[in-house]
Amino acid sequence: MTWKTLIAATAAVVLALPAAAQTREFRLGLITPPAHVWNQEVAALNATLQERSGGRMSIVAFPSGQLGNEATMLQQMQTGALDMAWLTTAELTFRVPDMAALHAPFLVTNIADAARVFRSDVAREMLDALPRATGTVGLCYAMIGMRQMVMRNPIASAAELSGQRIRITPAPAISRFFEMFGAAPAPMPLPAIYDALANGQVDGLDMDYESIINFRYYEHAPYLLETNHHMFGMVALVSARVWAGLSAEDRALITDAMQLHCDRTVDRFVDEEQGKLDRLREAPGIRI
C-alpha cells in the first residue's frame, strides 16, 4: 500500500466516524433559579451524562430565564439555537391543548397521586404531539409541588377571591380556574413577583411550596391557603433539529440519563413536600 493510499484510507475512516464519537456540549435553559430542585437535578444530569459518555457529552445550564421566557426558549429550540430546556407543562398547553388536562383543578388531591399521573401511559402519550406542534422531543416528565395560594390579606372563603389580582403562570386552564371565582389572573415572570407583592401590584399568587420558600414570597404574602388546587409538571425537551443529528446510541444514552433525573426530581418533590410545608409554618409572620 502506498503512502497516498494509506492517507486516503485513514481520512476515509475518520470521516466515516459516527456522530457518537464527537464531543458535544448541550445548552439547557430553565426559568428556575440555581437553588431550585430542577436546577440541582440538571447539574446532576450533567455529571451523569459526562460519566456515561466517557466525557464526550456535557450540559451547561442557563437558569433564571437567562435565555428568555419559556416561549422564547421554545422558539430557540425550534431553530436549533438552543439544544435543551426544562419547561413547564403550562407553557406547552398553548401548543398541545390536550396537555391542559394536566392542569385540571383538583384532578388529584395530593402530590403522590400527581406523581402517578405524570408517570402514566396517558400522560406519556401527550408527548407524542410535541415534535409536530413545537419542534421539540419530549423525553420525560418531572414536576414541582402542588399549587397553593399565598395572599397579602386573609381570605375566609372562595367568594372573597372575587376582584383579587392573582399572579399565575400563563396557561388557559389556570386562567380560567381563577376567573371562575371572579379573580383577575396576572401572568408574570418569577423574578418580578416579589416586588409586585411588595407594592400591591398583585394581591396573591398561585405557587408551590418550593418557590414560596426560595423567593421568600411569604414576606409580603403571609397568608397561605393549603388548597392543592392543581398539580404542576415539567417536560424535559430536546430540540428536534438537534435530536435528528444524534446517533441512535447517543439518543438512548441521553434518554436514559434524562429519565433518571426526571424520576429523581419527582421523587424529591413527593418526599420533601411535607417538610417544605413544615418550614413555612416556622417562617416569621406566616399564617396558615
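Residues numbered from 1 in each chain as written. Predicted model: local features only at pLDDT ≥ 70, side-chain atom pairs only at ≥ 80, totals over all residues. Heavy atoms only, no water.

## Some thoughts on the pairing of strand E8 (residues 204–207)
How we decide: Each residue is placed in one exposure class: buried if its accessible area under a 1.4 Å probe, protein chains only, is under 20% of its type's maximum, exposed if it is over 50%, and partly exposed if it falls in between. The helix count covers DSSP runs of H or I at least four residues long, the strand count covers runs of E at least two residues long, and both are numbered beginning at the N terminus. Two strands qualify as a pair provided that DSSP identifies no fewer than 2 bridges between them.
Covered by surrounding structure in E8 are Gly204 and Asp206 together with Leu205 and Met207, the residues of both alternating faces. In the sheet, strand E6 (residues 165–168) pairs with E8 via 2 bridges, with the strands oriented parallel. Bridging from a neighbouring strand, Ile166 pairs with Gly204 of E8.

## Thoughts on unusual backbone geometry
For Ser64, which is not glycine, the phi dihedral falls at a positive 55 degrees. The residue Ser64 is located in the loop between strand E2 (57–62) and helix H3 (70–79) in this model. For Ser64, a relative accessible area of 34% puts it in the partly exposed group. At Arg216, a position not held by glycine, the phi torsion is positive, near 55 degrees. Relative to the elements of secondary structure, Arg216 occurs in the loop between helix H10 (209–214) and strand E9 (223–225). Taking the relative accessible area as the measure of exposure, Arg216 reaches 40% and is therefore partly exposed.

## Regarding the sheet that holds strand E1 (residues 24–29)
Defined as follows: Between N-to-C directions, angles cover 0 to 180 degrees, with each direction set by a line fitted to C-alpha atoms, over the stretch in contact for helices. Two residues form a contact once any of their heavy atoms are found within 4.5 Å.
The strand order across the open sheet built from 5 strands is E2-E1-E3-E10-E4, with neighbouring strands paired in mixed fashion. One side of each edge strand has no neighbouring strand; the edge strands of this open sheet are E2 and strand E4 (136–143). Sheet twist, expressed as the average angle between the axes of neighbouring strands with direction ignored, equals 25 degrees. Here 5 bridges tie strand E3 (residues 84–88) to strand E10 (residues 233–239), and the two strands are oriented antiparallel to one another. Directly across from Trp86, in E10, lies its bridge partner Ala236. Of the strands in this sheet, E1, E2, E3, E4 and E10 are in contact with helix H2 (residues 37–52), which crosses E2 at around 165 degrees.

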